[in-house]
Amino acid sequence: MLIETDVLVIGAGPAGSSAAKHAALNGADVLMIEKKSEIGAPKRCAEGVSKDGLIELGVEPSSRWITSEINGVRLVSPNGTDVWLTEDTVKLPEMGYVVERKVFDKHMAMDAARAGADIMIKTLAKGLERKDGHVIVKAERMGEEFDIKAKIVIGADGPESRVGRWGGLKTAVKPKDMESGAQFEMVGVELESDTALEFYFGDVAPGGYAWVFPKGKDIANVGLAVISTLTEKSAYEHLVDFVKNCPTTKNATAVELNIGGDPVGGIIKKIATDNVMVVGDAGGMVNPLTGGGIISGMQGGRIAGQVSAAAVKDNDFSEKRLAEYGKRCKEEIGDSFNKYMKSRDYLESLSNEELDSIAEVFRETKFEKISTSELLRVLVKVSPKALLKLGKLF
Ligand SMILES: Cc1cc2nc3c(=O)[nH]c(=O)nc-3n(C[C@H](O)[C@H](O)[C@H](O)COP(=O)(O)OP(=O)(O)OC[C@H]3O[C@@H](n4cnc5c(N)ncnc54)[C@H](O)[C@@H]3O)c2cc1C
């Protein structure tokens, strides 16, 4: 069997669905394939998304996939000192809603289908080759093997992406830039507030942080991410210790376990070549500080969809034509990642004691509104290296 299409999207996560939707809206014939039988499940995500991000993407919030609305954060230092900030005081990425990914992802795939994209579930891409200016992708569904001929392939196949590599892109992520995440969805969580995201810093999660994201009165995603080169223990072992020792979770029960990688090294240098583009986690479109990649992946997907459809109209699928995609991703997403990368380096350099002193000072400070320069002024008071590491950002 041979299926022909203009644009083939491999992977129906948020980035893939966004790419498929925008390629279809811009006139391309689009097929999206997904290896799993249920789009969005199992999740590998704490499910936090920003309201502003959804608005910017034109996605209407829906009670079908919102589990809780968030209006603040609780930041907890290693000795338990906590700082509460509300959304009126500070704008934080990934703050707005905690969603149900298995409903959210399906909703985004439905949007792509409504825009005109075809979807094949339970369909695995196994490899690709270029032939006569096109790409032939080997695929398998329910034991049947077949070929898909496409003008452009968009690899939206997540953190363990193989599509880019098949197409000749260097998508491998260095271990120091790959966070390992482990998370329980838990019930019986004794939340201080069911409208605030909780973040825990320090040795609980070397190179990352631990989180409690509420999904109901006593339900939450409780997880953490670590950089494996900075710790002897696995993310799962850190998580078990965290849950046992954290007052919020020590009496809670897990009903789901999620394990997954999160590439936090920024967008890979080259994200498009002849006939092939990568998007979302596959292209490193993850906020290096927070590890959040839903919104940025969807933004990348929108650009990939628009550029691929325009390239189809021009009948030009060359690396040169698709370079517009890399350029726009850098301008619209990548440049903002640089400051998050520096903030992550700074955070990583702080000892437990320094984190505790910063938390103490923040607790005492009455912030009207935290501007970045105000934040730096307070940080420099307690941690002079803040100026060194972050000074040029503000
Ligand atoms: C523990 C953890 C917590 C996180 N928390 C957050 C958070 O709170 N907020 C946030 O914004 N981000 C979070 N992230 C990151 C977020 O989950 C990802 O950035 C996001 O899912 C990326 O979307 P994507 O579409 O690029 O990839 P994915 O969502 O991974 O989708 C890729 C899809 O491709 C499919 N696929 C793969 N290979 C093939 C193949 N060969 N053929 C067919 N289909 C294939 C997969 O089955 C999958 O459905 C977290 C990540 C982790 C690990």
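Residues numbered from 1 in each chain as written. Predicted model: local features only at pLDDT ≥ 70, side-chain atom pairs only at ≥ 80, totals over all residues. Heavy atoms only, no water.

- Under the annotation held in an unreviewed UniProt entry, the protein chain carries the name Digeranylgeranylglycerophospholipid reductase and is attributed to Methanobacterium bryantii.
- Annotation of the protein chain in UniProt includes, under Sequence similarities (unreviewed entry), the sentence "Belongs to the geranylgeranyl reductase family. DGGGPL reductase subfamily."
- In UniProt, the protein chain has this text filed under Pathway (unreviewed entry): "Membrane lipid metabolism; glycerophospholipid metabolism." (UniProt positions renumbered as here; feature names shortened; annotations may be inferred.)

Topic: the UniProt feature "domain: Digeranylgeranylglycerophospholipid reductase catalytic" (unreviewed entry) in the protein chain
Part 1 of the reasoning: Within this numbering scheme, the UniProt entry marks residues 177-260 as carrying the feature "domain: Digeranylgeranylglycerophospholipid reductase catalytic" (unreviewed entry).
Part 2 of the reasoning: Structurally, residues 177-260 is divided into 13% helix and 44% strand, and its ends, taken at the C-alpha atoms, are 14 Å apart. (Helix = DSSP H or I, 4+ residues; strand = E, 2+ residues; numbered from the N terminus.)

Remarks on the pairing of strand 11 (residues 144-155)
Part 1 of the reasoning: Here 8 bridges tie strand 1 (residues 2-10) to strand 11, and the two strands are oriented parallel to one another. Within strand 11, the residue paired with Ile3 across the bridge is Ile148.
Part 2 of the reasoning: Note that strand 10 (residues 134-141) and strand 11 share 7 bridges and pair antiparallel. If you follow Ala139 over to strand 11, its bridge partner there is Phe146. (Pairing = 2+ DSSP bridges.)

A word on the packing of helix 1 (residues 14-25) against helix 3 (residues 101-115)
Part 1 of the reasoning: Viewed as axis vectors pointing N to C, helix 1 and helix 3 meet at an angle of 15°, and their least axial separation amounts to 7 Å. Considered as vectors, helix 1 and helix 3 are oriented roughly parallel to each other. Crossing handedness for the pair helix 1 and helix 3: left-handed. Counting all contacts with helix 1, which are made through Pro14, Ser17, Ala20, Lys21, Ala24 and Leu25, the residues of helix 3 involved are Arg101, Phe104, Asp105, Met108, Ala109, Asp111, Ala112 and Ala115.
Part 2 of the reasoning: Within the contact of helix 1 with helix 3, the residues separate by chemical class into 9 nonpolar, 1 polar and 4 charged. (Axes fitted to C-alpha atoms, helices over the stretch in contact; angles between N-to-C directions. Parallel < 35°, antiparallel > 145°, perpendicular 65-115°, else oblique. Left-handed = near helix turned anticlockwise from the far one by under 90°. Contact = heavy atoms within 4.5 Å. Nonpolar A, V, L, I, M, F, W, Y, C, P; charged D, E, K, R; others polar.)

Notes on the site of the ligand
Part 1 of the reasoning: As a matter of local geometry, the ligand sits amid 35 residues, with Glu34, Ala46, Gly48, Arg101 and Asp281 nearest to it.
Part 2 of the reasoning: A distance of 3.1 Å separates a nitrogen atom of the ligand from a polar atom in the backbone of Lys35.
Part 3 of the reasoning: Between the ligand and the protein, one listed contact pairs an oxygen atom with a side-chain N or O atom of Asp281 at 2.6 Å.
Part 4 of the reasoning: Of all the elements in the fold, those that place two or more residues in the shell around the ligand are helix 1, strand 9 (123-131), strand 14 (210-214) and strand 16 (253-263).
Part 5 of the reasoning: Among the residues forming the shell around the ligand, the class breakdown is 14 nonpolar, 11 polar and 10 charged.
Part 6 of the reasoning: When we break the shell around the ligand down by domain, the ones giving at least three residues each are domain 1 (2-45 + 102-173 + 266-336) and domain 2 (66-98 + 175-263). (Near = heavy atom within 4 Å. Polar contact = N/O pair within 3.5 Å; in protein donor to acceptor, adjacent residues only side chain to side chain. Domains from an automatic or database assignment.)

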